[in-house]
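Residues per chain, in single letters:
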Amino acid sequence: MSFFGARRTRQTRVYRPNPSIRDKVGSALQDYRILTRLLVAIFAIGMMQVAMTSWQSRFPWREGQIAVVGVQSRNDFKVEDVRATDQARLRAEEQVRLVFVQNNAFWTEFESRFRKELTDIANAETLEQLAPEVIAGFRLNLEIPGEVEKGTAPTTRFTQVKRALAESNMAIGDRLAQMEIEFSQLLSGARGRGILDEASLAQIPADGREPDPLRAIEIQDSDGIIVSYNTLSDVLLKYQLLETGTIGRAWVSLPNLQQLRPAVEQWLTANLNGQLNYNDNATRLKRREAVDAVEVQYDLYPAGRTLITAGTPLEALQLQVLNEEYRAHEMAVTFSQRLARVAGMSLIVTMMVVLLGIYLAHSEPTLLEDVGQLLALILICVVAVFLSCLLSRDPWRAEVLPLLAAVIVISIVHNQVLATLLGFCMSLLISLTTVGDLGHFATLMVLCLTVIVPLRRISSRSTLIKIGFVLACAAFVTVWSITLISSHNYSEAWRNEAMLMKALKFAGWSLLCCSVVSNCLPFIESAFGVLTDISLLELTDVSHPLLQELARRAPGTYNHSITVASIGEAAAESIGANGLLLRVGAYFHDIGKSLKPEYFIENIGHGQKNPHDSLAPAMSALIIIGHVKDGAEMAEQHNLPRKLINFIEQHHGTTLVEYFFREAASRADGDHRTDAEESSFRYPGPKPQSKETGVMMLADAVESASRTLSEPTPKRIQSLVHEITLKRVLDGQFDQCGLTMCEIRTVEESLVKSLLAAHHGRIKYPDQKTA
């Protein structure tokens, strides 16, 4: 016996050791489906960390919020004293010198003009011989009263100037030359400083006040070189003409010109324009430099100082202090502390991802298998959390806008249960990342539930708008209620304008969210392949090209489709399924028959030859089965939604084409047994995957079979429906669509009622003839 080896004991032969955890993990990682789901989960966790910026601590304070507890500074920090800084900058700006530019070529032309006009006066016999500008410059028409004691009569300034020019032993030309020299001497002192006239002074921007005569100024030449530093009183003409001014003091040493002092001063006032010009650009530049040079003023806050006491409503200035304290604390956080934050948030997100994965595995396995849909769902949640955290700061407070938009889209695209679970997770993550307040989480969750519950079906474009108004009211009441609950002083809470604004903002953003999603609904349907009742109602229009072609080429099939749609919709509604979806699916389920309508019995007229009589059963079955594939291809070419294509592919499931199978079986002999193989006479499927397609299968089958009844009595119809239903159940056609036996029984009863109504009897009138 040893030649054959040692005999194994029964225990050795039967017992198989359980695989270890390591073996299970290794085996799982070798399955590409599990590996793909694991990578998707890791992607979701990583993207959510980025969306929440989990490496940063949250800033929980908002304007109008009532501090439940007091707040102390965690680090030394400083806050800019805006008022003190502005005052320092204003003082620096006021101390900046005004910049004026000197016109160097001004004096030569100015003195020549004075000599010419004075010469014109000397040569004129009467006032009328002078030019108007000369008269106006010297005011030669001004009457000068005479001396009362001497009894002299009044005279004019023209006469006075003429007398002063003539009362001299020297010639008139020499006297004019002497006066020109003295005029130059009169202005010599002011020429170095410059003279500013009233018109140039008006160029200086003012705030409604008179310019300060002591305001410091800077005088430059045309090349930008600084000539002198003065004050306005040093260069302003009206101050220089005073006895203490540069020009006023010079009159003592000018005996000839002094006789014309009133006229000369009048002429200077009228004609001295543009010797100094205000340079606004240079002044602004100096002011900007002075303002930039001012150091920012700060208020210092040591660590441990109480910043906010409990029960204080937060205002803008307090929020500024808290924000600076937050920044100082963030700068002091070490890498290990940030890593700990990321680890903590990762654990929370991982738990949510695992729980959602378990839910999907049990309730939404098809979604878990579709990686594209799964990634789209993850991106919707990540973008919603990111935008909510970004928009939660003041003054927007719009965190509800992305959140509600996300749950609405998820509810429309998938279902309400998944939208509720994801709404809970997103609300929790947003609250943890923003204010970290239980009341805030409760507000977000209440709003999510308020918008999800009515979204079972969207029957019209106005549905979301109506929900928006309800949601806005719920948002206002919820925010206001949470404020009252968290307030220490209820009387102050009622007068808290900031919280009132928050409630109004939440209400406004909620209404806006529903309006935006309503307008974007066609794009959402197109992007995710979703069919709402609105789209379905649009597809019920029988003017669709496919239906028109079906009615033209296969009228019998068209009438059959309309009847199936009618009885199937009622049956679907009886079990709570989407009857409108079934009705539209029934319209299109047999469009493939329009390619070869003559091969289908409902399109063969009375007396016409049946083409199947000349075909082998296998070929006939192939033609009959082919209408499913042809219909699906036609639907894809016309861009019908995927849910409608499912009706075309699944309305026969994998059922047997019984007539031609039996015909083939009856003809088969020993040498041709393969001609009657059952698999060759079955539809390719798949089996119905939803309740609507399952009901559609029954409605299609019983409607076709009921036409074969010569006398459709209630008993016969009931037996026919029950027989077909039982055959489909035993054939396993409803194993994947979720229909329960109770629902199948309800559908059966509904179909019987509909067929009885369609085949009801009529009273035969005495004179009626048989057609």
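So, here is what we can say about the structure in this document. (Residues numbered from 1 in each chain as written. Predicted model: local features only at pLDDT ≥ 70, side-chain atom pairs only at ≥ 80, totals over all residues. Heavy atoms only, no water.)

### A word on the packing of aromatic side chains
In plain terms, the rule: What counts as a ring pair is set by centres within 6.5 Å for rings of Phe, Tyr and Trp (its six-membered ring), and what kind of pair is set by the plane angle: stacked under 30 degrees, edge-to-face over 60, tilted for all other angles. Only DSSP runs of H or I with at least four residues qualify as helices, and only runs of E with at least two residues qualify as strands; both kinds are numbered from the N terminus onward. Whether a residue is buried, partly exposed or exposed follows from its accessible area with a 1.4 Å probe, protein chains only, as a fraction of its type maximum: under 20%, in between, or over 50%, in that order. Only lysine NZ and arginine CZ atoms are considered, and such an atom sits over a ring when it is within 6 Å of the ring centre and within 35 degrees of the ring normal.
Taken as a whole and assessed by the stated rule, the structure comprises 18 aromatic pairs. Between Phe183 and Trp267, the ring centres sit 6.0 Å apart and the planes meet at 75°, which makes this aromatic pair edge-to-face. Taken together, the positions of Phe183 in helix H8 (residues 172-193) and Trp267 in helix H14 (residues 261-271) put the pair 84 residues apart, joining distant regions of the chain. Taking relative accessible area as the criterion, Phe183 reaches 1% and is therefore assigned buried. We classify Trp267 as buried; its relative accessible area is 0%. One aromatic cluster is present, built from ring pairs that chain together Phe106, Trp107, Phe110, Phe114, Phe138, Phe183 and Trp267. Over the ring of Tyr298 we find Lys78; its NZ or CZ atom is 4.3 Å from the centre of that ring.

### A look at the environment of Lys593
Put simply, the rule is: Any two residues whose heavy atoms approach within 4.5 Å at even a single point are treated as in contact.
Assignment of secondary structure puts Lys593 in the loop between helix H30 (579-588) and helix H31 (617-637). Under the relative-accessibility criterion, Lys593 is labelled buried at 9%. Through-space distance from the C-alpha of Lys593 to that of Met47 is 49 Å; in sequence the pair is 546 residues apart. With sequence-adjacent residues up to four places away left out, Lys593 is seen in contact with Thr557, Phe600, Glu602 and His627.

### Concerning unusual backbone geometry
Here the bond from Asp394 into Pro395 is cis, since omega is 5°, no more than 30 degrees from zero. Assignment of secondary structure puts Pro395 in the loop between helix H19 (371-391) and helix H20 (400-413). Along the chain, Gly685 connects to Pro686 via a cis peptide bond; the corresponding omega equals 5°. Mapped onto the secondary structure, Pro686 falls in the loop between helix H33 (658-667) and helix H34 (691-706). One non-glycine residue, Asn639, adopts positive backbone phi at about 60°. The residue Asn639 is located in the loop between H31 and helix H32 (642-650) in this model.

This is a description of form; function is not addressed.
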